[in-house]
Amino acid sequence: MARRRGWGGSPPESDDEAASRIVAAAVELIGRTGREISIADVAESLGVIRQTVYRYFPSAEALMRASALASVAGFLDRLTEQVRGQEDPVEAMTDAVVYTLTEVHRTPHLGILLTSTYSAADPEGITSDEAQAFGMTMIKRFDVDWSRYGYNDESLQELVEYLLRTMQSFFVSPGHPPRSEEELRRYLRRWMGPAMLAQAPAHAP
């Protein structure tokens, strides 16, 4: 492990601890400023040079995704309560998308997963391993029996990608004027619903 300086006078004991402390510093900065942060911002807050942060995160985008994912546990808990008891996949997904788009404006860390700047900086950001893991965790908390509706791991991954792309599009361009929550629900049920139910059910030949 390379020699480290700074760190508030208490260098980390391992690479894992160093990465965790970098993420924690980024989480604190994003929560305090409500905006995207740079490698330089995080390095300064830790009292280290930028190269130290780059050793663990190759770009600001990678660090911000890691920070966002480390900060959304509370959101996922609230979302779980929001969709609790919804066994119909369309209703559960509709509630999840509407709730996320409402919550994202109050949760800077969550917004980072869906921002247009991410897509411009990293075209694969919305379908990154981190974003996919977030999406899978999200839908697996639903009370939906996905296998009953014909979904296996592969098709669930595709559904997650579709979900992330849908939420990103509404986050980036909500419309003029933006739809109300009820209007958005009707829109999603009409157009997203048939796409989800097109998956062959488990009892189909």
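Residues numbered from 1 in each chain as written. Predicted model: local features only at pLDDT ≥ 70, side-chain atom pairs only at ≥ 80, totals over all residues. Heavy atoms only, no water.

1. Considerations on unusual backbone geometry
What counts is decided by this rule: By the criteria applied, helices consist of DSSP H or I runs no shorter than four residues and strands consist of E runs no shorter than two, each listed in order from the N terminus. When accessible area is computed with a 1.4 Å probe and restricted to protein chains, residues below 20% of their type maximum are described as buried, those above 50% as exposed, and intermediate ones as partly exposed.
The linkage connecting H176 with the following residue, P177, adopts the cis geometry, with an omega of -5°. Among the secondary structure elements, P177 is positioned in the loop between α10 (153–172) and α11 (181–197). Residues other than glycine seldom take positive phi values, yet W7 does so here, at roughly 60°. Secondary-structure assignment places W7 in the segment before α1 (15–33). W7 sits in the buried class, given a relative accessible area of 2%.

2. Remarks on the packing of α1 against helix α2 (residues 39–46)
The following threshold applies: Lines are fitted to the C-alpha atoms to define the axes, a helix being fitted only along its stretch in contact, and any angle between axes, read from their N-to-C directions, falls within 0 to 180 degrees. Working rule for angles: under 35 degrees goes down as roughly parallel, over 145 as roughly antiparallel, 65 to 115 as roughly perpendicular, anything else as oblique. Contact criterion: two residues are considered in contact whenever any of their non-hydrogen atoms come within 4.5 Å of each other. The residue classification treats Ala, Val, Leu, Ile, Met, Phe, Trp, Tyr, Cys and Pro as nonpolar and Asp, Glu, Lys and Arg as charged. All others, Gly included, are polar.
Taken N-terminus to C-terminus, the directions of α1 and α2 make an angle of 110°; their axes are 9 Å apart at the nearest point. Regarding the angle of α1 to α2, the classification is roughly perpendicular. Residues R21, I22, A25, A26 and L29 of α1 lie in contact with α2, whose contacting residues are D41, V42, S45 and L46. Class assignment of the residues belonging to the contact of α1 with α2 gives a composition of six nonpolar, one polar and two charged.

3. A closer look at helix α4 (residues 60–71)
The condition is simple: For a helix, the expected span equals 1.5 Å multiplied by the residue count minus one. Nitrogen and oxygen atoms within 3.5 Å of one another constitute a polar contact, given that in protein one can donate a hydrogen and the other can accept it, and given that sequence-neighbouring residues count only through two side-chain atoms.
Taking 1.5 Å as the rise per residue, α4 with twelve residues should run 16 Å; its terminal C-alpha atoms sit 16 Å apart, in good agreement. Three or more residues of α4 are buried, namely A62, L63, M64, R65, S67 and A68. Its side-chain oxygen 3.1 Å from the backbone nitrogen of A62, S59 forms the N-cap of α4.

4. Quick look at the nonpolar core
Where a protein is soluble and globular, its nonpolar side chains tend to be buried together. For clarity, the cut-off: Residues grouped as a nonpolar core are buried Ala, Val, Leu, Ile, Met, Phe, Trp, Tyr and Cys residues, joined through side-chain atoms within 4.5 Å.
Core analysis: the biggest nonpolar cluster contains 36 residues, and M93, I139, F142 and W146 have the highest contact counts within it. Per element, the largest residue contribution to this core is eight residues, and it comes from α10. Sequence-distant contacts of F142, defined by excluding residues within four places in its chain, comprise V83, A92, M93 and A96. Counting residues in each nonpolar core, the second largest holds 19 residues, with A18, I37, I39 and V48 among its members.

5. Here's the deal with the pattern of salt bridges
Our working definition: By salt bridge we mean one thing: a side-chain nitrogen of Lys or Arg within 4 Å of a carboxyl oxygen of Asp or Glu.
Tallied over the entire structure, the rule returns nine salt bridges. Between R185 and D95 there is a salt bridge; the shortest N-O distance is 2.3 Å. Highlighted residues: R185 in helix α11 and D95 in helix α6 (residues 89–103), separated in sequence by 90 residues. Each member of the pair, R185 as well as D95, is classed as buried.

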